[in-house]
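Each chain is listed here by its residues.
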Amino acid sequence: METVSLSENKEIEYASNLINTAIKDFNKKNFSICENLLNEAQPIFKNTNDGSKTALCLALKGALEYLKDKDNYQASLDLLEDAKYLASYTQNHTAKTFVEYVLGIIYKHEKSY
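Right, let's walk through the structure included here. Here the structure is a predicted model, which is why all the values come from computation and not from measurement.

### Some points on the nonpolar core
So, step 1. Formed by 32 residues in total, the largest nonpolar core has its most connected members in Phe26, Cys34, Leu38, Ala59, Leu80 and Val99.
So, step 2. Breaking this core down by element, the ones donating at least two residues are helix H1 (8–27), helix H2 (31–47), helix H3 (51–68), helix H4 (73–90) and helix H5 (93–110).
So, step 3. At nine residues, the largest contribution of residues to this core is made by H3.
So, step 4. With residues near it in sequence (within four places) discarded, leucine 80 still touches Ala59, Val99, Val102, Leu103 and Ile106.

Structure representation (C-alpha cells):
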C-alpha cells in the first residue's frame, strides 16, 4: 500500500475510517480484507496513543485469529484480554462494549456459554 503523509488529526480520521470499514468487512466475512485494514490502522492508533481504538483493533484481531483456526483459542483470548485492559484503562464505554461483543462471538462459536 502507498504511504500517505497526513497531519495527526487526519491520520486519526483516516485510521478511524479504516477500522469502520474493517468492522463492515468482518460482518461480511471478508476476513482477509478486514485483517489488512486492521494492520494498517492499529499502528496509527498506537502512535497517536489512542488506546480505545487500539482496543477495537486488538479485539477484532482476536476474533479473526480464532475464526481462522479454532486452535488459536488461547491466542485470541490473549489479544482480547489486552483489548479489554486498554478499553478499561481508557474508560471508553464503546470500546468496552465492543470487546465484550467480540468475546461473545468467540464464546458462541466455542459454545462456552
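### Digging into H4
So, step 1. The terminal C-alpha atoms of H4 lie 26 Å apart, and with 18 residues this matches the ideal 26 Å at 1.5 Å per residue to within 8%.
So, step 2. When we look at burial in H4, the residues that qualify are Ser76, Leu77, Leu80, Ala83, Leu86 and Ala87.
So, step 3. Close packing links the buried residues of H4 with H3 and H5.
So, step 4. Immediately beyond the C-terminal end of H4, within one or two residues, lies glutamine 91, with a positive phi of roughly 55°.

Cut-offs and rules
- Numbers given for residues are sequential positions, taken from 1 along each chain in its written order.
- Per-residue local features of the predicted model are confined to residues with pLDDT of at least 70, and side-chain atom pairs are confined, for both listing and counting, to 80 or more; whole-chain, interface and lining totals are unaffected and use all residues.
- Each side-chain value is worked out from all heavy atoms of the structure, with water and hydrogens disregarded.
- Definition used in this section: a nonpolar core is a set of buried Ala, Val, Leu, Ile, Met, Phe, Trp, Tyr and Cys residues joined via side-chain atoms within 4.5 Å.
- Classification of residues uses two cut-offs on accessible area relative to the type maximum, computed with a 1.4 Å probe and protein chains only: under 20% is buried, over 50% is exposed, and between them is partly exposed.
- Per the convention used, a helix needs a DSSP run of H or I reaching at least four residues, while a strand needs a run of E reaching at least two, with both numbered from the N terminus.
- Note on contacts: a residue pair qualifies if any of its non-hydrogen atoms lie within 4.5 Å across the two residues.
- Between the first and last residue of a helix there are one fewer steps than residues, each counted as 1.5 Å, and that sum is the expected span.

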